[in-house]
Amino acid sequence: MPPVTKNFTISKSNEVFKEALKHIPGGVNSPVRAFGPVGGHPIFIQSGSGCRIRDIDGNEYIDYVCSWGPLILGHNEPYVARQIKAAVDKGTSFGAPTELEVQLAKLVKEFMPSIDKVRMVNSGTEATMSAIRLARGFTRRDLVIKFEGCYHGHVDGLLIKAGSGATTLGVPTSPGVPQGYIDSTIILPFNDSNAVENFCRERGKEVACIILEPVAGNMGVVPPKPGYLEKLREITRHYSIVLIFDEVMTGFRVSPGGAQELYGIKPDLTTLGKVIGGGLPVGAYGGRAEIMDRVAPVGPVYQAGTLSGNPVAMSAGIATLERLRDKNIYKQLEKKSQCLAEGFEKSARDAGVKTYHTRVGSMLCTFFTKDTVHDYKTATSSDTKRYARYFNGMLERGVYLAPSQFEAAFVSAAHNDSDIEATIEASCQAMKDLP
Ligand SMILES: *Cc1c(COP(=O)(O)O)cnc(C)c1O
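Residues numbered from 1 in each chain as written. Predicted model: local features only at pLDDT ≥ 70, side-chain atom pairs only at ≥ 80, totals over all residues. Heavy atoms only, no water.

**Concerning the overall build of the chain**
What the chain contains, in helices and strands, is 15 helices and 14 strands. Summarising its shape, the C-alpha atoms of the chain cover approximately 60 × 55 × 45 Å along the three principal directions. Every one of the 435 residues in the chain was classed for burial, and the buried ones make up 56%. In the chain, of all internal contacts separated by at least 6 residues, the share reaching a separation of at least 24 is 74%. Side-chain charges in the chain split into 49 positive and 46 negative, and the spacing between the mean points of these groups amounts to 1 Å. (Helix = DSSP H or I, 4+ residues; strand = E, 2+ residues; numbered from the N terminus. Buried < 20%, exposed > 50% of the residue type's maximum accessible area, 1.4 Å probe, protein only. Contact = heavy atoms within 4.5 Å. Lys, Arg positive; Asp, Glu negative; His and termini not counted. Charge placed at Lys NZ, Arg CZ, Asp CG, Glu CD.)

Structure, rendered in structure tokens:
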């Protein structure tokens, strides 16, 4: 039985949203939260526990947004919460080093052997921005290759065909990004190694780095084609280009060591975020010592942060990674996610709704398209109006999916078999209700 929310209303949320609109642009502090792509107004959250969240009207939902990925252990996980509280009691920020930073750095390296040294920052955006500056400083080249539909945070030079919020809002490139940034960013289609090879044959020696989501997660979930990542590794090696895996979403998610472990590819630099902060604002970038030692104060590439390595945030990250050392968590995530993906697929098939389903580990997506999705063009062939109806049907049935077609659903360790079953049942009903 799906959790029935009797007399579903969100009148309190609507009221607060009206107030929020007067004080915050669009009423939200990050665009996709605004429900623009699915119509209606956002629900305001009161609290979360395990896989469930409760809104201020008292509705409860099984949550598949999980704070957009960080909460792989679920909301308010007891050990993580305890460690955060213990850290607060010792003081919230010093701007001087603490042992916690060393502890988290060592944990990150244990999960990702490609990382010799790692620098903590405060968000995924900061991580990718810093990694790109470093790659440019290291190679003394300017060009950056990124792929259509990959999102790397709101970094100026990367906000070009950037997927996610930008895609749903129909803002391919944000105003405010200087022409110079646009000129030094080369956009190529995802999953097409020939395009990269052809470009590099002409201008490979001008390219500082290739940055990509090894599993694209910001145009829906789009896995790499077999051999694609290998080919990128080969090309980057040939032209001495820094290969950056943006594992802000996939790190500690698709496997303990991220996509690089899952596919067996060693990037030069890795950017991290989301899970690494266990629900607090943390990002990180790391990789080969030879490159990382170009960062100030050992090297000339400047990067800094008043709150970087903040003890409360470090404690949340450490506690989360400590829990994730339990490999059983990933085994169970895989099993539950597979079950959910199959359930979603069956719910669509039974209702005669044309969909395409993708999944890598506990990241999954239902595209409302009859096409096979393998890049930005095929992802955006999806019927977003249909997704909007499905989203609202699920919301009313107590399941909180991302308010956009072009986002992943995240399964957490806190979702149990009956939550998955209830979700599938809700999906069967919501699919049948689609016109
Ligand atoms: C979320 C995300 C970012 C941006 O991280 P923020 O913490 O939101 O700045 C960058 N890259 C990828 C792949 C992401 O999923």
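**Considerations on the site of the ligand**
Lining the immediate environment of the ligand, one finds S123, G124, T125, Y151, H152, G153, E213, N218, D246, V248, M249 and K274. For the ligand, a nitrogen atom lies 3.3 Å from a polar atom in the backbone of Y151. Separating an oxygen atom of the ligand from a side-chain N or O atom of N218 is a distance of 3.1 Å. About the coverage of the ligand: the protein hides 83% of its 380 Å² of free accessible area. Considered class by class, the residues forming the shell around the ligand number three nonpolar, six polar and three charged. (Near = heavy atom within 4 Å. Polar contact = N/O pair within 3.5 Å; in protein donor to acceptor, adjacent residues only side chain to side chain. Areas by Shrake-Rupley, 256 points an atom, 1.4 Å probe, with all protein chains shown as cover. Nonpolar A, V, L, I, M, F, W, Y, C, P; charged D, E, K, R; others polar.)

**Observations regarding the packing of aromatic side chains**
Working definition: an aromatic ring pair is given by the centre-to-centre distance plus the angle between the planes. Throughout the structure, instances matching the rule amount to 12 aromatic pairs. Taking 5.3 Å as the distance between ring centres and 50 degrees as the angle between the ring planes, the aromatic pair formed by F368 and Y390 counts as tilted. With F368 in the loop between β12 (363-367) and α13 (376-379) and Y390 in helix α14 (residues 384-396), this pair connects stretches of sequence that are 22 residues apart. For F368, a relative accessible area of 3% corresponds to the buried category. For Y390, a relative accessible area of 1% gives the class buried. (Phe/Tyr/Trp six-rings, centres within 6.5 Å; stacked < 30°, edge-to-face > 60°.)

**Some remarks on the pattern of salt bridges**
Counted by the stated rule, this structure contains 16 salt bridges. Residues D419 and R52 are paired through a salt bridge, measuring 2.7 Å at the closest nitrogen-oxygen approach. Remark: R52 occurs in strand β2 (residues 52-55) and D419 occurs in helix α15 (residues 417-432); sequence separation between them is 367 residues. With a relative accessible area of 26%, R52 lands in the partly exposed category. (Salt bridge = Lys/Arg side-chain N within 4 Å of Asp/Glu carboxyl O.)

**Looking at the nonpolar core**
With 64 residues, the main nonpolar core has Y64, V108, M120, F252, I276, L324 and Y390 as its most contacted residues. Counting only elements with at least two residues in this core, the list comes to β3 (60-63), α3 (99-111), β4 (117-121), α11 (311-324), α12 (327-351), α14, β13 (399-400) and α15. With sequence-adjacent residues up to four places away left out, I276 is seen in contact with L104, V108, M120, F252, V282, G283, A284 and G317. One finds F147, L243, F245 and A259 within the second-largest nonpolar core, a separate group that totals 42 residues. (Core = buried A, V, L, I, M, F, W, Y, C linked by side-chain atoms within 4.5 Å.)

**Let's talk about the environment of N416**
Position of N416 among the secondary structure elements: in the loop between β14 (409-410) and α15. With 353 residues separating them along the chain, N416 and D63 place their C-alpha atoms 12 Å apart.

**Quick word on the sheet that holds β4**
What the seven strands build is an open sheet, ordered β4-β10-β9-β8-β7-β5-β6; its pairing is mixed. Of all strands in the sheet, those with a lone pairing partner are β4 and β6 (185-188), marking the two edges. Neighbour-to-neighbour, the strand axes of the sheet open up by a mean angle of 20 degrees, direction not taken into account. Sheet analysis places strand β5 (residues 143-147) next to β6, joined by four bridges and oriented parallel. Counted as the bridge partner of I145 is I186 from β6. (Pairing = 2+ DSSP bridges. Axes fitted to C-alpha atoms, helices over the stretch in contact; angles between N-to-C directions.)

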